[in-house]
Amino acid sequence: MQKVQQESKLPAHLMCFQQKVPLENSCLYQRTLRLDCGRAATVLYVVGQQLKVYLFRSAPPNAKLFTVKCSPTVQYRIEPTPKDGGQMPHVLSKKSVLLITMTSPSKQAGDSKLSVRFYEGNSEKLGTAVVHLTAVEVSLDVDADRDGVIEKNNPNKGSWKWGPNGHGAILLVNCDSESSLYKKMDSEKEEITKVSDLKDMSRMVLRTRGPPQLPEGYKLVMHVSQTDAENIRIFRSSRQSGSMSGNLLKNFIFKTFVKEFPLVLNKNALTQEVPYVGGAAETDFFVEGLQFPDKNFDGLVTVYLSLLQPIAQDFPETPIFTDKVVFRVAPWIMTPNTLPPVEVFVCSVSDNYKFLKGMRQLVQESGYKLTICHEYMNRGDRWMQDELEFGYIDSPHQRFPVVLDSPRDRELREFPYNVLLGPDFGYVTRVPLQEEVSSLDSFGNLEVSPPVTVNGKNYPLGRIIIGVAFPTTIQGRNMTKVVQDFLWAQKVQEPIALYSDWLYVGHVDEFMTFVPAPDRKGFRLLLASPDAAYNLFRGLQKDGHGQAKMFDGLGSREEISLDDLLSETWLENENNYVQSCIDWNRDVLKRELGLDDDDIIDLPILFKLVEGENRAVPLYPDMVNMIVLGKNLGIPKPFGPKVNGRCALEAKMCSLMEGLGLRCTFIDDFASYHKKLGEVHCGSNVRREPFPFKWWNLEQ
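Residues numbered from 1 in each chain as written. Predicted model: local features only at pLDDT ≥ 70, side-chain atom pairs only at ≥ 80, totals over all residues. Heavy atoms only, no water.

**Some words on the overall build of the protein**
Next up, step 1: Counting secondary structure elements, the protein contains 12 helices and 42 strands.
Next up, step 2: Radius of gyration (C-alpha) of the protein: 35 Å, far over the 27 Å computed for a compact globule of 700 residues.
Next up, step 3: Taken along the three principal axes of its C-alpha coordinates, the protein extends 125 × 55 × 45 Å.
Next up, step 4: Put simply, the protein has 700 residues, and 56% of those count as buried.
Next up, step 5: Relative to all contacts within the protein whose residues are 6 or more apart in sequence, the contacts with residues 24 or more apart total 75%.
Next up, step 6: Accessible area of the protein: about 30400 Å², with a carbon and sulfur share of 48%.
Next up, step 7: With 80 positive and 87 negative side-chain charges, the protein shows a spacing of 9 Å between the two charge centroids. (Helix = DSSP H or I, 4+ residues; strand = E, 2+ residues; numbered from the N terminus. Rg over C-alpha atoms; globule rule 2.2 N^0.38 Å. Buried < 20%, exposed > 50% of the residue type's maximum accessible area, 1.4 Å probe, protein only. Contact = heavy atoms within 4.5 Å. Areas by Shrake-Rupley, 256 points an atom, 1.4 Å probe, with all protein chains shown as cover. Lys, Arg positive; Asp, Glu negative; His and termini not counted. Charge placed at Lys NZ, Arg CZ, Asp CG, Glu CD.)

And the structure:
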């Protein structure tokens, strides 16, 4: 910007220089500035703003003309554009506005100046308003474009948008535990005790450029709303960026380390002054998520940074500039059977030796890790699937598994927290305060589909599946509302509700599962089917195998011939009812997952109703209740009728699965699980690798 001295007939003391504001600056954020004649004002200017002075308001009575003079570092423009061709003094009107900008930060406080003189006539001065200006650059920055880099002043940092072209920073719930002395989630602690905890938080950078000190009385303040403060916590690094290197990666003595990262904001401190560091400086903050999205929390939080100016003694400061950034808390994500396993979990109890032997062999042959929860921890509770569900949380800077603990709270209740919670292994639970917990709250009743596309809508992370009471049932069991609300609030795996209350135990894993497939949608849905069982058994009977026995080898009390089994009208009637319940769910799954009949495989399984309950349990080991380890399936040994020395049910299962390139291993769980109304899947659990797809790229 060049100074241009205008020719004028004014006396020399009225001559001034005019820096014209570039036209593109008219779209800058505007801030109103008041001028006081006869008193010099100290003004802090934030680069990127535009100061707007309503000259008529600031002028003394009877003023008709004005002139403007400023330092070379200051630019201004007058609106409406004077008709005097740039000659001064300019005519003052009620619409006269002075727009002021500065393009670079000041080297010293008050090193720039602007003055406005008002006149009644060409030489009759009425008053002068003087402003001493200090320019600073201020920005609160986050990884708004989700590439792992905190860029400066991203224009989209103050909002959230889903999708691959979206924006907005991501925050993790700090639900793991870095502590080695005592077990406690990091989010439950008000301080940082280990440097490793920082990687679970989102880094936020305050960038400033300006003089060594701000003008007296001005201050920088960070603040959040009361609502958001319930969901986040913010710490500040007492070191400037650039020193965050190897030394910071060491553990400090507790008291010293707390001083390195003081707590700035939480639910008890909504506003906090933050240091202004002169020159070009960056201050690191670390934002910690405390709560997952839920019914009353959409996952969005906003952090504000304001510059406050002093007004007068005994009066509060007022904001002259506010920057903001928006985070979305990462959702909890379930993993389907089609993702690669990492670790298999089972319980050891007094009577499940055969089950454990089969599981050890299967897991070892599959090449995965097996973790056994021994009796001192499980206290006789063998139902590993029912107590917990594995998932994970993800961000551009960090990702780790998180176990969802069910509200069933039986003897295994301490295992998820006391054993699984640890460094980079998180924990979350939902506890109903007033609702009654039922069998449907066990997590055999919680599954997730592989990725699907339904009527053009893509679900790249699959869809959660839960079991509930029939829609027209007045009295029935349901999964507790607090758990359902939590699952719905995650948004990225929109849940599907199936009818499972027809089962005595009431879990969806009793009649359905998913297995990987090399074709079509990349998977098959397996459904229990009494119709398929009757077709198989009647075919065997027709071929002359009517005397072949179910439960062969389990003793005469269990054994029953196919002829006798097929003659039981009551059993057929009960299975007709069961088939109708499964068909209802089949139609829902086809509709909600976009499946064709060719995507579904019916497994031959019969049920029976529990006397006095009108709810069903499997008649023999329920083969759909399996564990899926890549291409290896651990299936309950069904003890079906033997034909030519081979179990007909096992042969049928193998013929259905081997066409998909899957290997069937049959595990004897008859006495230790089936008789106790569960199977292989109920007694095991699998932690799997996360999806390669990033949840924030989901189109909503």
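After that view of the structure, there is still more to cover.
**Regarding the environment of Ser-71**
Next up, step 1: Along the chain, Ser-71 falls in the loop between β4 (65–70) and β5 (74–79).
Next up, step 2: C-alpha separation for the pair Ser-71 and Lys-113, spaced 42 residues apart in sequence, amounts to 5.4 Å.

**Observations regarding the pairing of strand β21 (residues 369–373)**
Next up, step 1: The pairing of strand β20 (residues 341–347) with β21 spans five bridges and is classified as parallel. Across the sheet, Glu-343 pairs through a bridge with Lys-369, a residue of β21.
Next up, step 2: A crossover links β20 with its parallel partner β21, the connecting element being helix α4 (residues 353–366), and its sense is right-handed. (Pairing = 2+ DSSP bridges. Right-handed = clockwise from strand over helix to strand, strands pointing away.)

**Description of the state of the cysteines**
Disulfides are covalent bonds that link the sulfur atoms of two cysteine residues.
Next up, step 1: The final tally for this structure, using the stated rule, is zero disulfides.
Next up, step 2: In this structure Cys-373 is a free cysteine whose sulfur lies 4.4 Å from that of Cys-347, the closest cysteine sulfur available.
Next up, step 3: For Cys-373, a relative accessible area of 2% puts it in the buried group. (Disulfide = S-S within 2.5 Å.)

**Things to note about the sheet that holds β21**
Next up, step 1: Taking strand neighbours across the sheet as the criterion, the three strands line up as β21-β20-β42 in an open arrangement whose pairing is mixed. The outermost strands of the open sheet, each flanked by one partner alone, are β21 and β42 (684–688). Across the sheet, the mean angle from the axis of one strand to that of its neighbour is 25°, orientation sign disregarded.
Next up, step 2: The sheet strands contacting α4 are β20, β21 and β42, and the helix crosses β20 at an angle near 170°. (Axes fitted to C-alpha atoms, helices over the stretch in contact; angles between N-to-C directions.)

**A look at the nonpolar core**
Next up, step 1: One finds Met-204 and Ile-234 to be the most contacted residues of the largest nonpolar core, which totals 86 residues.
Next up, step 2: Looking at this core, the element that brings in the most residues is strand β18 (residues 318–329), giving six residues.
Next up, step 3: Sequence-distant contacts of Ile-234, defined by excluding residues within four places in its chain, comprise Met-204, Met-222, Val-224, Pro-262, Leu-263, Val-264, Leu-265, Phe-285, Phe-286, Val-287 and Val-303.
Next up, step 4: Among the nonpolar cores identified, the runner-up in size contains 67 residues, and Trp-502, Ala-533, Leu-593 and Leu-633 belong to it. (Core = buried A, V, L, I, M, F, W, Y, C linked by side-chain atoms within 4.5 Å.)

**Concerning the pattern of salt bridges**
Any two side chains of opposite charge can pair if their charged atoms end up close together.
Next up, step 1: The full count for this structure, using the stated rule, is 45 salt bridges.
Next up, step 2: With a shortest N-O distance of 4.0 Å, Glu-273 and Lys-219 are connected by a salt bridge. Here Glu-273 is found in strand β15 (residues 271–274), whereas its partner Lys-219 is found in strand β12 (residues 219–223), with 54 residues between them in sequence.
Next up, step 3: With relative accessibility at 22%, the residue Lys-219 sits in the partly exposed group.
Next up, step 4: A salt bridge links Arg-591 to Glu-592, with the shortest nitrogen-to-oxygen separation between them at 4.0 Å.
Next up, step 5: Through salt bridges with shared partners, one network takes in Asp-141, Lys-157, Arg-207, Glu-282 and Asp-323. (Salt bridge = Lys/Arg side-chain N within 4 Å of Asp/Glu carboxyl O.)

**Looking at the side chain of Asn-625**
Next up, step 1: Within the secondary structure layout, Asn-625 lies in the loop between β36 (616–618) and β37 (627–629).
Next up, step 2: One polar contact links the side chain of Asn-625 to the main-chain carbonyl oxygen of Asp-509, over a distance of 3.0 Å.
Next up, step 3: The residues contacting Asn-625, other than those within four sequence positions of it, are Asp-509, Glu-510, Pro-636, Glu-679, Val-680, His-681 and Cys-682. (Polar contact = N/O pair within 3.5 Å; in protein donor to acceptor, adjacent residues only side chain to side chain.)

**Things to note about the environment of Val-91**
Next up, step 1: Residue position: Val-91 is located in strand β6 (residues 90–91).
Next up, step 2: By relative accessible area, which is 61% here, Val-91 ends up exposed.
Next up, step 3: It is 4.6 Å that separates the C-alpha atoms of Val-91 and Leu-65, two residues lying 26 residues apart in sequence.
Next up, step 4: In this structure, Val-91 is in contact with Lys-64, Leu-65, Phe-66, Asp-84 and Ser-96, ignoring residues within four places of it in sequence.

**Thoughts on the confidence of the model for the protein**
Next up, step 1: Within the protein, residue pLDDT values average 91, and 92% of them lie at 70 or more.
Next up, step 2: A low-confidence stretch, residues 1–26 (pLDDT under 50), is modelled with 58 contacts involving residues beyond four sequence positions or located in other chains.
Next up, step 3: This model gives residues 242–256 a pLDDT under 50, and the stretch forms 15 contacts once residues within four places in sequence are excluded. (pLDDT = per-residue confidence, 0-100.)

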